[in-house]
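Each chain is listed here by its residues.
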Amino acid sequence: SKLTNLTKLSYPLIENNMAHPNFTEFTLGDMYRDKVCIVESLSYTFPDNGTWETNIEGLILPKFIDVAITLNEIKKNIYKDELSAGSRVGIKIKL
């Protein structure tokens, strides 16, 4: 699901028992385009007055979830060595 993918971005990538930063590309309209960043914080809130879905295979799930995300932009001259060493951008976020 989309929430699961967002949650994965807040954790480092583990390869060969080593942690690597999980770089993400972020785009917000024309203001920010393909900015490389790291997820600094992520939280989910279920609105008190939100409705719930009750007809999905016996599950009770919220129809609305508010997501707050804080991204820390990484300047290209800082992360270029890390990217050339084999790290990769995990996902692209476009809003």
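Residues take numbers from 1 onward in each chain, read along the sequence in its written order. Where totals are concerned, whole chains, interfaces and linings use all residues; where local detail is concerned, this predicted model gives features only for residues with pLDDT of at least 70, and gives and counts side-chain atom pairs only at 80 or more. Each side-chain value is derived from all of the structure's non-hydrogen atoms; neither hydrogens nor water enter the calculation.

**Student:** Teacher, can you tell me more about the pairing of strand S6 (residues 59-62) here?
**Tutor:** What makes two strands pair is DSSP finding at least two bridges between them. Every helix listed is a DSSP run of H or I at least four residues long, and every strand listed is a run of E at least two residues long, numbered separately from the N terminus. In this sheet, S6 lies alongside strand S5 (residues 52-56) in antiparallel orientation, the contact comprising three bridges. Across the sheet, Trp52 pairs through a bridge with Pro62, a residue of S6. Linkage of S5 to S6, two consecutive antiparallel strands, is achieved through a turn of two residues, within which Glu57 is found at a positive phi near 45°.

**Student:** What should I look at first to understand the pattern of salt bridges in this one?
**Tutor:** Where charged atoms from two side chains of opposite charge approach closely, those side chains can pair. Any carboxyl oxygen of Asp or Glu within 4 Å of a side-chain nitrogen of Lys or Arg constitutes a salt bridge here. Scanning the model with the defined rule gives two salt bridges in all. Here Asp30 ties to Arg33 by a salt bridge, and the two come within 2.4 Å at their closest N and O atoms. For every residue, the accessible area obtained with a 1.4 Å probe (protein chains only) is divided by the maximum for its type, and the residue is called buried under 20%, exposed over 50%, and partly exposed between those limits. Judged by its relative accessible area of 53%, Arg33 falls in the exposed class. In this structure, the salt-bridge partner of Lys63 is Glu53, at a minimum N-O distance of 3.8 Å. Here the residue Lys63 occupies a position in the loop between S6 and strand S7 (66-73), and Glu53 occupies one in strand S5, the gap between them amounting to 10 residues. Judged by its relative accessible area of 47%, Lys63 falls in the partly exposed class.

**Student:** When you look at the packing of aromatic side chains in this model, what are you seeing that I'm missing?
**Tutor:** The way to describe two aromatic rings as a pair is by their centre distance and the angle between their planes. In this analysis, rings of Phe, Tyr and Trp, with Trp reduced to its six-membered ring, are considered paired at centre separations within 6.5 Å, and the interplanar angle assigns stacked below 30 degrees, edge-to-face beyond 60, and tilted for intermediate values. Following the criterion strictly, the structure yields two aromatic pairs and no others. Residues Phe26 and Tyr32 carry aromatic rings whose centres are separated by 6.4 Å and whose planes lie at 45° to one another, so their mutual orientation is tilted. Residue Tyr32 is classed as partly exposed on the basis of its relative accessible area, which comes to 34%.

**Student:** How do you make sense of a nonpolar patch on the surface when you look at a structure like this?
**Tutor:** Put simply, a patch holds well-exposed residues, over 30% relative accessible area, that have no salt bridge, with like charges counted together within 9 Å and Val, Leu, Ile, Met, Phe, Trp or Tyr side chains within 5 Å. Each accessible area is a Shrake-Rupley result for a 1.4 Å probe, and residues are judged covered by the shown protein chains and nothing else. There is a patch of nonpolar side chains on the surface, built from Tyr44, Phe46, Trp52, Ile60, Ile65, Val67 and Ile69 and spanning about 620 Å² of accessible area. Mapped onto the fold, Tyr44 is located in strand S4 (residues 32-45).

**Student:** Sorry, what's going on with the environment of Thr27 here?
**Tutor:** Here Thr27 is to be found in strand S3 (residues 23-28). At 3.0 Å, the side chain of Thr27 forms a polar contact with the backbone nitrogen of Asp34. Each polar contact in these results corresponds to two N or O atoms within 3.5 Å; when the atoms are within protein, one needs to be able to donate a hydrogen and the other to accept it, and residues that are neighboring in sequence are counted only if both atoms are side-chain atoms.

**Student:** So what exactly am I meant to see when it comes to the confidence of the model for the chain here?
**Tutor:** A low pLDDT score tells you not to read the predicted coordinates there in detail. In predicted models, pLDDT denotes the confidence assigned by the predictor to each residue on a 0 to 100 scale. Overall, the prediction assigns the chain a mean pLDDT of 79, with 79% of residues at 70 or greater. Any two residues whose heavy atoms approach within 4.5 Å are treated as being in contact. Here residues 83-90 is modelled with pLDDT under 50, and outside its nearest four sequence neighbours on either side it reaches 13 contacts, counting other chains as well.

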